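# Architecture at a glance
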Amino acid sequence: MSDVTDAPDDVLVDVRGLKVHFAIKSGIIFDRTIGHVYAVDGVDLQIRRGETYGLVGESGCGKSTLGRAILKLETPTEGTVSFDGVDVASLEGEELRRQRQHMQMVFQDPMSSLDPRQSVESLLVEGMRAHGLDQDKATTQARLRELLGSVGLPSAALSKYPHEFSGGQRQRIGIARALSVQPSLIVADEPVSALDVSVQAQVLNLLEELQDELGLTYLVVAHDLAVVRHISDRIGVMYLGGIVEESEAGELYDVPLHPYTRALMSAVPVPDPVVEDSREQLLLTGDLPSPSHPPSGCRFHTRCPWRQPTRCDDERPVLRAPEVAGITPGHRVACHWAEEIAEGELRPHAVAAELVEPGSTSTVADDASPFGPASAIEIGG
């Protein structure tokens, strides 16, 4: 078991240079690797004790894979994942199994993540028994009733099976299962996306109450910006395998600095026609590039209305603190021109998609020219 000791004391999870690449195989008798899917491609992030870190991005950007890699449900290709000073990426076998008591996951679809042949009691006791928390019968039964009570379910649910519950109730059972081994960190992968809107609010409020009561740390993976804003202390925006912006939740929504974040925020509905008409509108109509053939340089340059030829095409930006007035020190962005865009020194231009051969690293014409400020910019074609 290797230790990592140079992270600040308030940091529970410290991810550095994390990559998760999946091999693309071909062949009938003998498999051969013909390429890789770069699902997570160089991520650095830190999650402080007791906070909720929200991770957002389009489908296919790698956010769920990142969450699974932190728990080593996916094996990292490169990089380190330090949990409370221990490098989880280096753990194997019994050491990894013991470490997982402290790191649990709530999966997106509660119906597929709960064994339909197991009763609720069996589902909850299984993890407790695996980590030596299943004591005498009376103590265990009291613990099970306590778990169900903490997620708002009656003790009568112990004898029932997953198909006998609604979607929201099944998700509560999934949360209770994660809590059964007394973890410090919970990775919630799209915890409310399969639920009705009214039930979503109940589950989110439950997660917040449990965090206050038990001192939990959350990594919440989601694509719904409203959900992430409601529950998160800090937010990371992910695009094509990398984090492009990170900030305190309120500031990210008020002052988005990366062009991709600005496009995401402009797509959030606002129930006020005055605000809706006056705010910036960036319409991302282009497709997400293939993670097996990501663009060179900045991964967003094929869809970016502020793209500048050469540097954006050739040099991948690093996540850094921009020199913009009024921005807190914890705000980081991976954009070469964040300062110039924020100050209005760079003017947006149209982005025209081109038909290219498979595997090409660029889909934007080099002669795209600025046309001045516009209320709506259509990206793609």
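About the thresholds
Residues numbered from 1 in each chain as written. Predicted model: local features only at pLDDT ≥ 70, side-chain atom pairs only at ≥ 80, totals over all residues. Heavy atoms only, no water. Pairing = 2+ DSSP bridges. Helix = DSSP H or I, 4+ residues; strand = E, 2+ residues; numbered from the N terminus. Contact = heavy atoms within 4.5 Å. Axes fitted to C-alpha atoms, helices over the stretch in contact; angles between N-to-C directions. Salt bridge = Lys/Arg side-chain N within 4 Å of Asp/Glu carboxyl O. Buried < 20%, exposed > 50% of the residue type's maximum accessible area, 1.4 Å probe, protein only. Parallel < 35°, antiparallel > 145°, perpendicular 65-115°, else oblique. Left-handed = near helix turned anticlockwise from the far one by under 90°. Nonpolar A, V, L, I, M, F, W, Y, C, P; charged D, E, K, R; others polar. Core = buried A, V, L, I, M, F, W, Y, C linked by side-chain atoms within 4.5 Å. pLDDT = per-residue confidence, 0-100.

## Quick notes on the sheet that holds strand 1 (residues 11–26)
- Here 4 strands make up an open sheet; going across it, the order is 2-1-4-5 and the pairing antiparallel. The sheet is open, and its two borders are formed by strand 2 (32–48) and strand 5 (86–87), each paired with just one other strand.
- As judged from the 2 bridges shared by strand 4 (residues 78–83) and strand 5, these two strands associate in the antiparallel manner. Residue Ser-82 lies in a different strand from strand 5, and its bridge partner there is Asp-87.
- Against the sheet, helix 1 (residues 63–70) touches strand 1, strand 2 and strand 4, its axis set at about 115 degrees to strand 1.

## With respect to the pattern of salt bridges
- Taken as a whole and judged by the stated rule, the model has 22 salt bridges.
- Here Arg-48 and Glu-248 are joined by a salt bridge, their closest N and O atoms 3.9 Å apart. Of this pair, Arg-48 sits in strand 2 while Glu-248 sits in strand 10 (residues 242–248), placing them 200 residues apart in sequence.
- A relative accessible area of 33% means that Glu-248 is categorised as partly exposed.
- The partner of Lys-72 in a salt bridge is Glu-92, and the shortest N-O contact between them spans 3.0 Å. Highlighted residues: Lys-72 in the loop between helix 1 and strand 4 and Glu-92 in the loop between strand 5 and helix 2 (93–99), separated in sequence by 20 residues.
- Overall, the relative accessible area of 7% leaves Lys-72 in the buried class.

## A few points about the sheet that holds strand 9 (residues 234–239)
- The strand order across the open sheet built from 7 strands is 6-7-8-3-9-10-12, with neighbouring strands paired in mixed fashion. Each of the sheet's edge strands pairs with one partner strand only, and the pair in question is strand 6 (103–106) and strand 12 (332–333).
- Where strand 3 (residues 52–56) lies against strand 9, 4 bridges are found, and the strand directions are parallel. Its bridge partner being in strand 9, Tyr-53 is matched across the sheet by Arg-234.

## Regarding the packing of helix 4 (residues 120–130) against helix 6 (residues 167–179)
- Two elements in contact, helix 4 and helix 6, have axes separated by 8 Å at closest approach and are oriented at 25 degrees. On the basis of their axis angle, the class for helix 4 and helix 6 is roughly parallel. Relative to helix 6, helix 4 is oriented so that their crossing is right-handed. Of helix 6, the residues touching helix 4 (which contributes Val-120, Leu-123 and Leu-124) are Ile-173, Ala-176 and Arg-177.
- When the residues that make up the contact of helix 4 with helix 6 are grouped by side-chain class, the tally is 5 nonpolar, no polar and 1 charged.

## Notes on the nonpolar core
- In terms of nonpolar packing, the biggest core is built from 35 residues, with Val-151, Ile-175, Leu-179 and Leu-210 touching the most fellow members.
- For this core, the elements supplying multiple residues, two or more each, are helix 4, helix 5 (137–150), helix 6, strand 7 (185–189), helix 7 (197–214), strand 8 (217–221) and helix 8 (225–231).
- A total of 6 residues in this core trace back to one element, the largest contributor, which is helix 7.
- In this view, Leu-179 contacts Arg-143, Leu-147, Ser-150, Val-151, Ile-186, Leu-210, Leu-214 and Leu-216; residues no more than four positions away in its chain are not counted.
- In this structure, Val-15, Val-81, Val-88 and Leu-185 belong to the second largest nonpolar core, which totals 30 residues.

## Side note on the confidence of the model for the protein
- Here the protein averages 85 in pLDDT, and 87% of its residues register 70 or above.
- Here residues 1–5 scores under 50 on pLDDT; set against residues more than four positions off or in separate chains, the count is 12 contacts.
- When the criterion is pLDDT under 50, residues 354–381 qualifies, and its contacts beyond four places in sequence or with other chains add up to 68 contacts.

## Overview of the environment of Gly-50
- Topologically, Gly-50 is positioned in the loop between strand 2 and strand 3.
- Classification of Gly-50 by relative accessible area gives partly exposed; the value is 37%.
- For the pair Gly-50 and Asp-10, spaced 40 residues apart in sequence, the C-alpha to C-alpha distance is 8.9 Å.
- Ignoring anything within four residues of it in the chain, the contact list for Gly-50 reads Gln-211, Leu-216, Thr-217 and Asp-233.

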